[in-house]
Amino acid sequence: MATDLKQTKNSFKVIGKVTRIDKDGAYKEEVMNKPSSKRHGETYRSLRFGVQTSDTNTITVQMFDYEPTEVFLWNSEKRKKDQSYKGDRVPFAQWEANQDSYREQGYAVLQTRVGLTYGEDGKLQSQGLPSFVAQQEIYNHLDNGDSVVVEGEIRYSTYENREGKEVEQKSYNIKKVIKLKKDVDFEDEKFEEVTYFEQELVFVGADIDKKEGKAYVTGRVINYDKTFHDTQLVVNFKNESGEGFDAGMVKLAEAFAKRFKFGDVINVFGDTLNRVILSEEEAPEDDSADLFAEFGGKKKPKHAESFVSRTYVQELTIHGVDAWDKGVYGEDDFVKEELIEKDNPFADELGGKSKKKNNPFDIGEDNGIGEDDLPF
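All of these numbers come straight from a predicted model, not from anything done at the bench.

About the cut-offs
Residues numbered from 1 in each chain as written. Predicted model: local features only at pLDDT ≥ 70, side-chain atom pairs only at ≥ 80, totals over all residues. Heavy atoms only, no water. Helix = DSSP H or I, 4+ residues; strand = E, 2+ residues; numbered from the N terminus. Buried < 20%, exposed > 50% of the residue type's maximum accessible area, 1.4 Å probe, protein only. Contact = heavy atoms within 4.5 Å. Areas by Shrake-Rupley, 256 points an atom, 1.4 Å probe, with all protein chains shown as cover. Patch = residues over 30% accessible without salt bridge, like charges linked within 9 Å, V, L, I, M, F, W, Y side chains within 5 Å. Salt bridge = Lys/Arg side-chain N within 4 Å of Asp/Glu carboxyl O. Lys, Arg positive; Asp, Glu negative; His and termini not counted. Charge placed at Lys NZ, Arg CZ, Asp CG, Glu CD. Pairing = 2+ DSSP bridges. Axes fitted to C-alpha atoms, helices over the stretch in contact; angles between N-to-C directions. Polar contact = N/O pair within 3.5 Å; in protein donor to acceptor, adjacent residues only side chain to side chain. Core = buried A, V, L, I, M, F, W, Y, C linked by side-chain atoms within 4.5 Å. 1 Å grid on protein atoms, 1.4 Å probe; cavity = no way out; pocket = protein on both sides within 12 Å on 5 of 7 lines; lining within 4 Å. Points joined across faces, edges and corners; volume = space filled by probe spheres on them. Nonpolar A, V, L, I, M, F, W, Y, C, P; charged D, E, K, R; others polar.

A. Spatial organisation of the overall build of the protein. Tallying secondary structure elements over the protein gives six helices and 16 strands in all. Within the protein, buried positions represent 39% of all 376 residues. Across the protein, contacts joining residues at least 24 apart in sequence account for 66% of those joining residues at least 6 apart. Entry remark: accessible area of the protein is about 22500 Å², with carbon and sulfur atoms responsible for 44%.

Here is the structure:
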């Protein structure tokens, strides 16, 4: 007998510089004007900007929410005194008028946390806010070039493009924004890019492309409303130089290809990429060159005969697995137990990379593995 589906959790964290917050429409406050919508006539706010995490990678983050009727408040002291305490709800207008008083009494809003200013003592001033309010605060206090830490959750959806093709869309929804006192410097030799994500998913299948050095993993994510969506993630087992293979990542790719089965629930971690790769290529031959040659003069210099091409890479790149629950789901019967593990007990068994507190993005060393040595 089928069991109710449970949401698969995820999170992301990016550190970088704010971009595009000055664009028209980056922040909006409007009234929903669609009679077909259940929220027709209600006021909403939306916020959308980029976080540049390196010279070539930028993640778009966003928020959207309607003006709330109530605000959920939490008081830790009340919880200590009464274990049955489950929080308080107050009218939004009441919270808005008395929010400082609520904070002084020990109440906190848990929906979104922002820290955008520093006090005279140099300490960060952070507070919990309803996301409807947080959007305006973020927009008012951030400028392009500001260095920030943004955390949140990934939401998956599909839409139909102009060609009638179904396209997947990943939205990086903000839950926390902290403005850094020290600017991120991409040129600093100690700089380490942070575009971290974790995703709990139901394993569906995997395909190996030896030529590209990638394993394409299909995972099923379950939404809070019990709907589900299949998405693609990638294991890159070529070294970053493009020469040779990374032994740990080869082992992980093999695990996805041979060891995981449909219905296994796993928690993966890695990087989220929205990267542009620039490369210089020879310009295509132009038949008109012969025509203009008869005018005389000199040929174009060699450097002018090439052009820069752009390749865009958008993917969730898996670095490792740190939780594995076998045989949880069947085709017609979804049952999932909660899994939350912070260490990586499967690194030796499955390969991949270690999850490190300071640097979860260890790319490993060139182990001299050739294509003939791959196990798949």
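B. Inspection of the environment of Lys165 at higher detail. With respect to the helices and strands, Lys165 occurs in the loop between β10 (147-160) and β11 (166-179). What makes Lys165 exposed here is its relative accessible area of 57%. Residues within four places of Lys165 in sequence aside, it is in contact with Tyr159 and Glu160.

C. Here's a closer look at a negative patch on the surface. Taken together, Asp55, Asp183, Asp185, Glu187, Asp188 and Glu189 make up a surface patch of like negative charges. Assignment of secondary structure puts Glu187 in the loop between β11 and β12 (194-209). Note on Glu187: relative accessible area 63%, which makes it exposed.

D. Region of interest: the sheet that holds strand β6 (residues 88-91). The strand order across the open sheet built from three strands is β6-β5-β7, with neighbouring strands paired in antiparallel fashion. A single partner strand is all that each edge strand has here, and the edge strands are β6 and β7 (107-109). The mean angle between the axes of side-by-side strands here comes to 45°, regardless of whether they run parallel or antiparallel. Across four bridges, the pairing between strand β5 (residues 70-75) and β6 is antiparallel.

E. Geometry of the side chain of Ser54. Along the chain, Ser54 turns up in the loop between β3 (43-52) and β4 (58-66). The class for Ser54 is buried, based on a relative accessible area of 8%. Among the polar contacts listed, one links the side chain of Ser54 to the side chain of Glu193, at a separation of 3.4 Å. The residues contacting Ser54, other than those within four sequence positions of it, are Phe186, Glu193 and Arg275.

F. Highlighting the pattern of salt bridges. Applying the stated criterion across every chain, the model contains 10 salt bridges. Where Arg155 meets Glu153, a salt bridge forms, and the shortest distance between an N and an O atom there is 3.1 Å. Looking at Arg155, the relative accessible area reads 42%, which means it is partly exposed. Using a relative accessible area of 23% as the deciding quantity, one classes Glu153 as partly exposed.

G. Structural view of the side chain of Asn239. Relative to the helices and strands, Asn239 resides in the loop between β14 (228-236) and α4 (247-259). Reaching out from Asn239, the side chain makes a polar contact with the backbone oxygen of Glu243 at a distance of 3.2 Å.

H. Seen up close, the pairing of β3. Burial analysis of β3 places seven of its 10 residues in the buried class, which makes it a mostly covered element. Here three bridges tie strand β1 (residues 10-19) to β3, and the two strands are oriented antiparallel to one another. Following the sheet pairing, Val18 is matched in β3 by Val51. As defined by bridge partners, strand β2 (residues 27-31) adjoins β3 across five bridges and the pair is classed as antiparallel. If you follow Lys28 over to β3, its bridge partner there is Ser46.

I. Summary view of the nonpolar core. Formed by 58 residues in total, the largest nonpolar core has its most connected members in Phe49, Trp95 and Phe256. For this core, the leading source of residues is α4, giving six residues. Excluding anything up to four places from it in sequence, Phe256 contacts Phe203, Ala206, Val217, Val235, Ile266, Val268, Ile318 and Val321. Counting residues in each nonpolar core, the second largest holds six residues, with Leu5, Val202, Ile222 and Val328 among its members.

J. The arrangement of the layout of surface pockets in detail. Reported here for the largest pocket is a volume of approximately 1000 Å³. Along the wall of the largest pocket there are 29 residues; nearest its centre are Glu153, Ile154, Arg155, Asn173 and Tyr224. Secondary-structure elements contributing two or more residues to the lining of the largest pocket are β1, β4, β10, β11 and β13 (214-222). Sort the elements by how many residues they give to the lining of the largest pocket and β10 lands first, with six residues. Partitioning the lining of the largest pocket into residue classes produces eight nonpolar, 15 polar and six charged.

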